[in-house]
Amino acid sequence: MKQVRCARCTICGREYPAVPELTTCHCGGILDIVYDYDYIRSVLTKETLAQRTNPTMWRYRELLPVEDSTPDTPLRVGGSPLYAQSALADELGLDALWIKDDGQNPTASLKDRASAMAVAKAWEAGAEIIACSSTGNAASSLAGNAAAAGLKTYIFVPERAPKGKVAQLMIFGAHVISVRGSYEDTFRLSAQAIERYGWYNRNAAVNPYLSEGKKTVSLELAEQLSWQMPDHLAISVGDGCTIAGVWKGLKDLYALGFIDRLPRLISGQAAGCCPINRAIRTGEDWQPMEENTLADSIAVGVPRNAHKALCAIRESRGLAVDVTDEEILQAMTFLGRRCGLFGEPAGVTGFAALHKACREGLIERGATAACIITGNGLKDVANAIAAAGEPICIPPDLEEMVRQFRIRGVTVE
Ligand SMILES: *Cc1c(COP(=O)(O)O)cnc(C)c1O
Ligand SMILES: [Zn+2]
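Quick caveat, the model's predicted, so the values are computed rather than measured.

S.K.: How do you make sense of helix α12 (residues 306-315) when you look at a structure like this?
M.R.: For an α-helix, the turn length of 3.6 residues means that residues three or four places apart are oriented alike. Listed as buried for α12 are Ala 306, Lys 308, Ala 309, Leu 310, Ala 312 and Ile 313. Structurally, α12 contributes buried residues whose contacts are with β3 (31-35), α8 (209-214), α10 (241-256), β11 (264-270) and α11 (275-282). At the C-terminal side of α12, Arg 317 shows a positive phi close to 55 degrees.

Shown next as structure tokens:
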């Protein structure tokens, strides 16, 4: 990999050769992949990119830690749509607003970007089995991407994982271990099993290549915006890998001179589980919290990538915005009704945080902003119904329908 120099510990700075089986540093710190930007600049320009027809995340191959000889993974990961929302921007007091729907990935979440990377690195390692623990989406995306690549998976999820995500796991033929405990308990069990059986490790944060996959969402966003970055970029945060990956992608582009300014990050967390945002506010180290939110994908009481996430938010002079479960459910129906976009609770938490920041004047009027929907609403039908309610249910009788319209004040024109 000519484009990669090494992997460097984010805590002690120790460097490691970038072999496919990398995990954490001896000191316990999370590693970060270090690139040779001079080399990359010599092989990648905006113009060469513009000529590529490959819409997947692999169009940014020179900026990814894979060997030239490693094939693209089979599913179409990346290439998700970016929508300009001018009416909403007006309403929020913004000059421009873009929403990127990353629920449009093959298994319906942004996690596909990390899982495709895990598959590519497992291929390079010659591994035939990949394992991970997950709140749900990392699991279903690994199961799908691995199935397409002919790899076996062992997957650990907390018992609370929504049915839609578990259904995906079963359809994709994963070996599923549903753990009666928290995400933290689930993570610990998976780490022990991986240690015992020597499976390829797709655990969030521990495997430093995964964030590199996730960063492709911001590479794509920048290219879709013709390299003109907005003032703010909002994203939901659980373990912290996504926001750290987003920041890494932006810094890569800045180092290459593809973009000339960096947005400020908005970290959206649920008020009932916000260890990273709390650390931003107090300026101190993060402390574990209970997992007290219906946004299951970001119900992470012990974030695995807190250090990288905190560095990213602080470096960007970002905002930490907590939203209540009620505000998350409101964001779901708001995006559905106004934009035709359907996100799961954690999927819309970035937007909910941006909306709140606008309402509370945390963002200057006339600013520009983007946010990313990280997971599709069909993943968690129970909470979608909780947000939007039930339909009118009547016998097949026109007069009864008219009567119900009258009672409920339904207008017909
Ligand atoms: C995993 C996930 C997140 C948060 O990503 P982290 O890397 O855990 O911070 C946000 N939204 C959805 C839908 C997710 O699945
Ligand atoms: Zn270290």
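From this point on, the discussion continues.
S.K.: Explain the coordination of the zinc ion (ligand 2) to me, please; I cannot follow it from the model alone.
M.R.: Think of it this way: four donors in a tetrahedron around the metal ideally sit 109.5 degrees apart, and six in an octahedron ideally sit 90 or 180 degrees apart. Of the protein atoms, only Cys 9 (SG), Cys 12 (SG), Cys 25 (SG) and Cys 27 (SG) coordinate the zinc ion (ligand 2), at distances of 2.3 Å. Given four donor atoms and angles of 103 to 119 degrees at the metal, the environment of the zinc ion (ligand 2) is assigned as tetrahedral. All donor residues of the zinc ion (ligand 2) come from one chain, and their arrangement in sequence is C-x2-C-x12-C-x1-C. Taken together, the positions of Cys 12 in the loop between β1 (4-9) and β2 (15-16) and Cys 25 in the loop between β2 and β3 put the pair 13 residues apart, joining distant regions of the chain. We classify Cys 12 as partly exposed; its relative accessible area is 45%.

S.K.: Could you clarify how one ought to interpret the nonpolar core in this entry?
M.R.: As a rule of thumb, nonpolar side chains are buried together in soluble globular proteins. The biggest cluster of nonpolar side chains holds 76 residues, and the ones touching the most others in it are Trp 58, Ile 155, Leu 233, Val 246 and Leu 253. Element by element, the count of residues in this core is highest for helix α4 (residues 111-125), at seven residues. Apart from residues no more than four positions distant in its own chain, Leu 233 is found in contact with Leu 221, Val 246, Leu 250, Pro 263, Arg 264, Leu 265, Ile 266, Ala 370, Cys 371 and Ile 372. Membership of the second largest hydrophobic core comes to 36 residues, among which are Met 332, Ala 352, Ala 369 and Ala 384.

Reading the values: rules and limits
- Residues numbered from 1 in each chain as written.
- Chains lettered and ligands numbered in written order.
- Predicted model: local features only at pLDDT ≥ 70, side-chain atom pairs only at ≥ 80, totals over all residues.
- Heavy atoms only, no water.
- Buried < 20%, exposed > 50% of the residue type's maximum accessible area, 1.4 Å probe, protein only.
- Helix = DSSP H or I, 4+ residues; strand = E, 2+ residues; numbered from the N terminus.
- Contact = heavy atoms within 4.5 Å.
- Donors = N, O, S within 2.8 Å, 3.2 Å for Na, K, Ca; no water.
- Tetrahedral: all angles 85-135°; square planar, octahedral: opposite > 155°, others 65-115°.
- Core = buried A, V, L, I, M, F, W, Y, C linked by side-chain atoms within 4.5 Å.

Structural measurements only, silent on function.
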